[in-house]
Amino acid sequence: MTPAPPRPELPEAGEAAPIQPRVRRAWYIACTSAELGQDVLKTEIFAQPIVLFRGGDGAPGALLDRCPHRSVPLSLGRVVDGQLACGYHGWRFEGDGRCAHVPAFLGTPDAPGRRCLAFPTREQQGFVWIWADPGSPPVGEPFFFRLMDDSRYQVITRVLHAEGSVHAVAENALDVPHTAFLHGGLFRVDAARNQIRCVVTRRHDRVECAYIGEPRPEGLVGRILSPSGGVVTHSDRFLLPGIAEVEYQIGDENHILVDAALTPERDHRTRLTAVVAVRTRMPLWLIRPFAEPAALRIFGQDQRVLAAQTDNLRRFGEAGFASTELDALGPHILRLMRQAERGELEDPDAAPYQREFSMRV
Ligand code: FES
Ligand SMILES: [Fe+2]
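Residues numbered from 1 in each chain as written. Chains lettered and ligands numbered in written order. Predicted model: local features only at pLDDT ≥ 70, side-chain atom pairs only at ≥ 80, totals over all residues.

Draft legend 1. Seen up close, the sheet that holds strand S1 (residues 27-32). Read from one edge to the other, the open sheet built from 3 strands follows the order S1-S11-S10, with strand pairing classed as antiparallel. Looking at strand neighbours, the two that pair on one side only are S1 and strand S10 (121-124), the edges of this open sheet. Adjacent strand axes in the sheet meet at a mean angle of 30 degrees, parallel and antiparallel pairs treated alike. Alignment of S1 against strand S11 (residues 127-131), held across 5 bridges, turns out to be antiparallel. Residue Trp27 lies in a different strand from S11, and its bridge partner there is Trp131. (Pairing = 2+ DSSP bridges. Helix = DSSP H or I, 4+ residues; strand = E, 2+ residues; numbered from the N terminus. Axes fitted to C-alpha atoms, helices over the stretch in contact; angles between N-to-C directions.)

And the structure:
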């Protein structure tokens with residue numbers, strides 16, 4: 001008698017505890033420079049409400065959106081002479097959190113208990129970055145978009161949102177196998193499959209997968225990118241704390257670098273700031289009317305699947321992921337994020353981890 005196959009266990013459903021790692025000691029994009037005008041702007045990082053405003057010198061200030069006086073959200077207030085004035089009793093705060101003014105009060109306004117929690121900020125390349133751990137001094141500087149200021153490249157920037165953790169969104173952005181299914185026809189075609197070699201390399205703060213021997217992608221996007229074909233060099237990489245980078249070189253003249261800077265607004269809600277740098281033999285105005293709607297349609301499909309995945313992760317937790325080697329980066333991304341969360345990155349000088357496998361795309 002053949003033994004009965006093991007009975008699959010029904011996972012527990014309910015509100016599963018999020019196991020999304022929270023890498024707090026890091027810089028994240030809060031908004032674009034253009035979004036932060038003269039008004040106050042509300043945002044969230046790790047579900048902490050944050051209010052942004054420009055101080056007297058124009059530099060961005062970022063405060064916990066909670067007035068130390070009576071807890072009213074400071075984002076209900078307004079900027080007065082470069083200070084953020086609470087909308088309730090008019091207490092005013094500097095970008096570093098100091099209390100600068102208490103209306104009608106004759107004493108010194110600033111005192112330790114009257115200060116706001118302030119997040120360090122940086123403004124560079126048209127983005128406002130926040131150091132997400134106000135309790136610790138910043139280490140290092142924000143990510144630099146390396147081709148953004150290169151005059152040979154045309155650059156498109158877009159801000160999008162996804163109902164998914166930084167890990168889920170990064171894995172999705174860098175995941176090759178889903179493209180033929182979820183985006184079938186638009187990106188890669190399931191029927192036209194070629195065997196390619198994949199090399200995964202992980203260092204202390206990043207993991208990359210290089211795809212070797214990939215032909216020009218079939219489907220609409222591929223035809224737009226490179227009508228004449230050509231050799232494709234393709235790498236996907238993740239850099240801590242939340243940069244997903246896709247790089248394509250097609251032939252000699254086409255180079256595309258897509259950077260998605262991911263901000264954890266909540267455990268399962270991610271702000272995605274995309275910076276796409278393109279150098280191609282075709283002018284961008286010619287490609288854009290086709291490529292942009294296609295890219296947005298692809299992202300819409302990803303958004304829907306991420307939201308549905310998040311729904312189930314909330315119910316069942318993330319412990320039950322089954323993987324093959326084709327899940328080239330996701331497990332490594334999770335590992336890096338966990339190490340960063342604990343502040344235990346591997347030795348930067350150690351030999352990188354490397355593994356090779358083949359797949360059909
Ligand atoms: S609650 Fe903000 S000034 Fe009173
Ligand atoms: Fe996708």
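Now that the structure has been shown, the text picks up again.
Draft legend 2. Broad picture of the pairing of strand S15 (residues 232-239). Only one face of S15 is covered, namely the face carrying Val232, His234, Asp236 and Phe238; the face carrying Thr233, Ser235, Arg237 and Leu239 is uncovered. With 6 bridges connecting them, strand S14 (residues 206-212) and S15 associate as antiparallel partners. Note that in S15 the partner of Arg206 across the bridge is Leu239. Here S15 pairs with strand S16 (residues 243-250) via 8 bridges, running antiparallel. Bridge assignment links Thr233 to a residue of S16, and that residue is Gln249. What sits between the antiparallel neighbours S15 and S16 is a turn of 3 residues. (Buried ≥ 20, exposed ≤ 12 C-beta atoms within 10 Å, placed from the backbone.)

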